[in-house]
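What follows is the residue order along each chain.
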Amino acid sequence: MTKLLEWVFGVLLLGAAWAFVTFDILNMNLPRTYREVAWPMPLYLLVTFGCYSLATVGYRVATFNDCDDAAKELQAQIKEAKEDLRKKGFKF
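Residues numbered from 1 in each chain as written. Predicted model: local features only at pLDDT ≥ 70, side-chain atom pairs only at ≥ 80, totals over all residues. Heavy atoms only, no water.

### Description of the overall build of the protein chain
Piece 1. Helix and strand content of the protein chain: 4 helices and 0 strands.
Piece 2. Order of helices (α) and strands (β) in the protein chain, N terminus to C terminus: α-α-α-α.
Piece 3. For 92 residues, the compact-globule estimate of 2.2 N^0.38 gives 12 Å, and the protein chain exceeds it by more than 25% at 27 Å.
Piece 4. When each of the 92 residues of the protein chain is scored for burial, the buried share is 5%.
Piece 5. A total accessible area of about 8,600 Å² is found for the protein chain, and carbon and sulfur atoms account for 67% of it.
Piece 6. Looking at charge distribution, the protein chain has the averaged site of its 11 positive side-chain charges lying 7 Å from that of its 10 negative ones. (Helix = DSSP H or I, 4+ residues; strand = E, 2+ residues; numbered from the N terminus. Rg over C-alpha atoms; globule rule 2.2 N^0.38 Å. Buried < 20%, exposed > 50% of the residue type's maximum accessible area, 1.4 Å probe, protein only. Areas by Shrake-Rupley, 256 points an atom, 1.4 Å probe, with all protein chains shown as cover. Lys, Arg positive; Asp, Glu negative; His and termini not counted. Charge placed at Lys NZ, Arg CZ, Asp CG, Glu CD.)

### Some thoughts on helix 1 (residues 3–23)
Piece 1. The end-to-end C-alpha distance of helix 1 is 30 Å, a good match for the 30 Å that 21 residues give at a rise of 1.5 Å each.
Piece 2. Looking at the residues trailing helix 1, positive phi occurs at Asp-24, about 50°. (Expected span 1.5 Å × (residues − 1).)

Here is the structure:
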């Protein structure tokens with residue numbers, strides 16, 4: 001099973017549970033407060049997912065490692081390429 005199918009299955013499972021509670025499809029006679037709490041649950045989950053995503057991206061940006069050796073190597077390669085192009089007649 002691919003990761004996409006796992007996510008789709010999970011979303012469908014949560015959606016079905018939400019629909020059963022919200023619309024009382026199985027006639028479980030749940031208290032009205034359960035339905036009132038379940039009704040905006042998809043919005044709560046979406047906002048929570050957005051906050052988690054924003055926090056994850058922020059954390060990864062804040063802890064991004066600088067690669068000083070790779071930067072020096074890249075600068076040397078750029079300098080070498082410019083010198084090679086100057087020899088071939090390219091003007092910067």
